[in-house]
Amino acid sequence: MSRIIKRKPPFTLYHRKTSPCFYVRFRDELTGEYGKAISTRARTKREAVRVAYQWLAEGIPSQKDAGGGETSRGAASVLSALRRADLSGLSESDKEKIVKALKKDGVIKSAVVSGSAADVRFIDFLLSIWDWDSSEYVREKQRAGHSLHKRHVLNNRTNIKKYWLPFFGDMALGEVTRETLRRFLDSLAEYKLSNGTKNRIFLAGATALRWAYAHESIPENIAAEKTFILYSAKHKPRKILTHELMRAVLSVEWNDTRSKTAFFISAFTGMRAGEIQALRLQDLGENCFYVNHSFNTTDGLKSPKNGEARTVYFPFPNIIDALKEMAYQNPHGDCFVFWGVKPNRPLNAGKWLIDFRDALVQTGTMTAEEAKQYCFHGQRHFFTANMQAAGTADRVEQLHRLQDSYRERIHRGEPCRRLPAV
């Protein structure tokens, strides 16, 4: 005969002296311990057994915890296991797995594992990324040969302090979620800034978070590209001089002939202001400029935009000769063509813009307020619109035609004080 094995029920029943009803305690399958007692409200054991099995099938009622709230049997089981476990022995990997499981089931949205890479103040992390002297991100960009300038790093650091810090405060890196980033992006709408500026402010933090994910400092790429809808950055079209206005502005007396010369170079080569500032004696060819550097007050001499040096055709040898003479007169010995007051610093390009707008007013065609609509960079667009559309041979011919049309309108004089005739 086969032996019948009787299994103990997964609960125990007992009476309390203070109550005529039976109480049940269910055994936890995970820990093997019995949970808190629950009244079955049954006065007979048979009825109490029926109630207990019914609860096992349909769900055990929640129990009141010490704080007066209700705790389900599943939660009580987990809490009991956590109390019995030696959590101090958990590795960082184990902790990350627990957090990941809780996130997957929707129990938590974010958490920071103590001692992990994400257990740092979020703002401190962002500032460490945008630190020119000590940032690992900056070092990696430089090692890879990417174009990254000190001014860009400094601007992003300023944006972190001015806009990110007031919003995130002391929040930890691991606490930041897509939702908090989305709310921050929305908060930028309150500032009276251009949409392009708002996007740059947001990308200062988003870039750092992407780097953190790539280096496993955070488990999820919460700032992945195309995750957020950025502000529509439609730029206002720059005002470009017409040929008539170009002739007029070159015919008036400028406050400083160096500003007029820089303006002329920009309009007929498409060079940027920083590239003209960076011109040195060795960058002047017979009929061209060797654009090897650009200049800004933060980085000093740096590579041109996009990191590519180039040669720019400029068929005005008498102007180039005047520029060489100007460079020879540099008292600082640093070979800058447009030298300024301080050594290793060329003339401030802001002066060129002031003198350019003043010249516009002197033409009698606009007011000072209207002249503010024009910027120095607009001469690059003038060049693009009038020169670059043609082929190289046509461009040279077109330059000479413009040279002839301006010849009698540009003031003659000493090369170092006034723009020489072309």
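Here the structure is a predicted model, which is why all the values come from computation and not from measurement.

### What about the overall build of the protein chain?
Here is step 1: Broken down by element type, the protein chain carries 16 helices and nine strands.
Here is step 2: Within the protein chain, the proportion of its 422 residues that are buried is 38%.
Here is step 3: A sequence separation of at least 24 residues applies to 56% of the contacts in the protein chain between residues at least 6 apart.
Here is step 4: Here the protein chain has roughly 24,900 Å² of accessible surface; of this, 50% comes from carbon and sulfur atoms.

### Comments concerning unusual backbone geometry
Trans peptide bonds make up most of the peptide bonds, and negative phi angles are found at most residues other than glycine.
Here is step 1: Backbone geometry at Glu 216 places phi at a positive 60°, although glycine is not the residue there.
Here is step 2: Looking at where Glu 216 falls in the secondary structure, it is placed in the loop between α8 (195–214) and α9 (243–251).
Here is step 3: Unusually for a residue other than glycine, Asn 344 sits at a positive phi of about 60°.
Here is step 4: Inspection of the secondary structure puts Asn 344 in the loop between α12 (317–328) and α13 (349–362).
Here is step 5: According to the relative accessible area criterion, Asn 344 is exposed, its value standing at 56%.

### Topic: the packing of aromatic side chains
Here is step 1: Counted according to the given criterion, the structure contains 26 aromatic pairs.
Here is step 2: Aromatic pair Phe 264 and Phe 268: ring centres 4.5 Å apart, planes at 40°, arrangement tilted. Of this pair, Phe 264 and Phe 268 are both found in helix α10 (residues 257–269), four residues apart, which corresponds to roughly one turn of the helix. Summarising the burial analysis for this pair, Phe 264 and Phe 268 share the class buried.
Here is step 3: An aromatic cluster is present here, built from Phe 122, Trp 164, Phe 167, Phe 168, Phe 184, Phe 202 and Phe 228 joined pairwise through their rings.
Here is step 4: Its end group placed over the ring of Tyr 23, Arg 16 keeps NZ or CZ at 4.1 Å from the ring centre.

### Looking at the sheet that holds strand β1 (residues 11–16)
Here is step 1: Across the sheet, three strands lie side by side as β1-β2-β3; this open sheet has antiparallel pairing. Both edges of this open sheet fall to β1 and β3 (38–39), since each of them pairs with a single strand only.

### Observations regarding the nonpolar core
Here is step 1: The biggest cluster of nonpolar side chains holds 40 residues, and the ones touching the most others in it are Val 249 and Phe 338.
Here is step 2: Breaking this core down by element, the ones donating at least two residues are α9, α10, β6 (288–291), α12 and α13.
Here is step 3: Here this core gets six residues from one element, more than from any other, and that element is α10.
Here is step 4: Apart from the residues within four sequence positions on either side, Phe 338 is in contact with Arg 258, Thr 261, Ala 262, Ile 265, Ile 276, Leu 323, Met 326, Pro 346, Leu 347 and Trp 352.
Here is step 5: Judged by nonpolar contacts, the second largest core, of 34 residues, contains Tyr 137, Val 138, Phe 168 and Leu 181.

### Description of helix α5 (residues 136–143)
Here is step 1: Capping the start of α5 is the job of one residue whose side-chain oxygen sits 3.1 Å from the backbone nitrogen of Tyr 137: Ser 135.
Here is step 2: With its phi angle positive at about 80°, Gly 145 sits one or two positions after the end of α5.

### What about helix α1 (residues 45–58)?
The α-helix advances 3.6 residues per turn, and as a result positions three or four apart in sequence lie on the same side.
Here is step 1: An ideal rise of 1.5 Å per residue puts 20 Å on 14 residues; α1 measures up with 20 Å between its terminal C-alpha atoms.
Here is step 2: All of the buried residues along α1 are Ala 48, Val 51, Ala 52 and Trp 55. One face of α1 carries all of its buried residues, which in axial projection span an arc of 100°. Facing away from the buried side of α1 by over 90 degrees, the exposed positions are Arg 46, Ala 57 and Glu 58.
Here is step 3: Taken together, the buried residues of α1 touch β1, β2 (19–26) and β3.
Here is step 4: One or two residues past the end of α1 sits Gly 59, with phi positive at roughly 125°.

### Side note on the confidence of the model for the protein chain
Here is step 1: For the protein chain, per-residue confidence averages 80 on the pLDDT scale, and residues scoring 70 or more make up 75% of the total.
Here is step 2: Across residues 65–71, where pLDDT falls below 50, the model places 12 contacts with residues more than four positions away in sequence or in other chains.

### Side note on the pattern of salt bridges
Here is step 1: Going through the model one piece at a time under the given rule, you end up with 13 salt bridges.
Here is step 2: Asp 256 serves as the salt-bridge partner of Lys 351, at 3.8 Å between the closest nitrogen and oxygen. With Lys 351 in helix α13 and Asp 256 in the loop between α9 and α10, the pair connects residues that are 95 residues apart, well separated along the chain.
Here is step 3: Since its relative accessible area comes to 13%, Asp 256 is described here as buried.
Here is step 4: Counted as one network, the salt bridges with shared partners bring together Asp 256, Arg 258, Lys 351 and Asp 355.

### Comments concerning the packing of α9 against α10
Here is step 1: Between α9 and α10, the shortest axis-to-axis distance is 11 Å and the interhelical angle comes to 155°. Comparing their axes, α10 and α9 come out roughly antiparallel. Where α9 crosses over α10, the two elements pack in a sense that is left-handed. Contact residues: α9 offers Met 246, Val 249 and Leu 250, while α10 offers Lys 260, Phe 263, Phe 264 and Ala 267.
Here is step 2: Looking at the contact of α9 with α10, its residues break down into six nonpolar, no polar and one charged.

### Observations concerning the environment of Ile 276
Here is step 1: Looking at the secondary structure, you find Ile 276 in helix α11 (residues 273–277).
Here is step 2: By relative accessible area, Ile 276 is classed as buried at 0%.
Here is step 3: For Ile 276, the residues in contact, after removing those within four places along its chain, are Ala 262, Ile 265, Ser 266, Met 271, Phe 338, Trp 352 and Phe 376.

### Regarding the side chain of Thr 269
Here is step 1: Positionally, Thr 269 belongs in helix α10.
Here is step 2: Side-chain polar atoms of Thr 269 contact the backbone oxygen of Ile 265, separated by 2.5 Å.
Here is step 3: With near-sequence residues (within four places) excluded, Thr 269 lies in contact with Phe 289, Val 312, Tyr 313, Phe 314 and Phe 383.

How each quantity is defined
Residues numbered from 1 in each chain as written. Predicted model: local features only at pLDDT ≥ 70, side-chain atom pairs only at ≥ 80, totals over all residues. Heavy atoms only, no water. Helix = DSSP H or I, 4+ residues; strand = E, 2+ residues; numbered from the N terminus. Buried < 20%, exposed > 50% of the residue type's maximum accessible area, 1.4 Å probe, protein only. Contact = heavy atoms within 4.5 Å. Areas by Shrake-Rupley, 256 points an atom, 1.4 Å probe, with all protein chains shown as cover. Phe/Tyr/Trp six-rings, centres within 6.5 Å; stacked < 30°, edge-to-face > 60°. Lys NZ or Arg CZ within 6 Å of the ring centre and 35° of its normal. Pairing = 2+ DSSP bridges. Core = buried A, V, L, I, M, F, W, Y, C linked by side-chain atoms within 4.5 Å. Polar contact = N/O pair within 3.5 Å; in protein donor to acceptor, adjacent residues only side chain to side chain. Expected span 1.5 Å × (residues − 1). Arc of directions from axis to C-beta. pLDDT = per-residue confidence, 0-100. Salt bridge = Lys/Arg side-chain N within 4 Å of Asp/Glu carboxyl O. Axes fitted to C-alpha atoms, helices over the stretch in contact; angles between N-to-C directions. Parallel < 35°, antiparallel > 145°, perpendicular 65-115°, else oblique. Left-handed = near helix turned anticlockwise from the far one by under 90°. Nonpolar A, V, L, I, M, F, W, Y, C, P; charged D, E, K, R; others polar.

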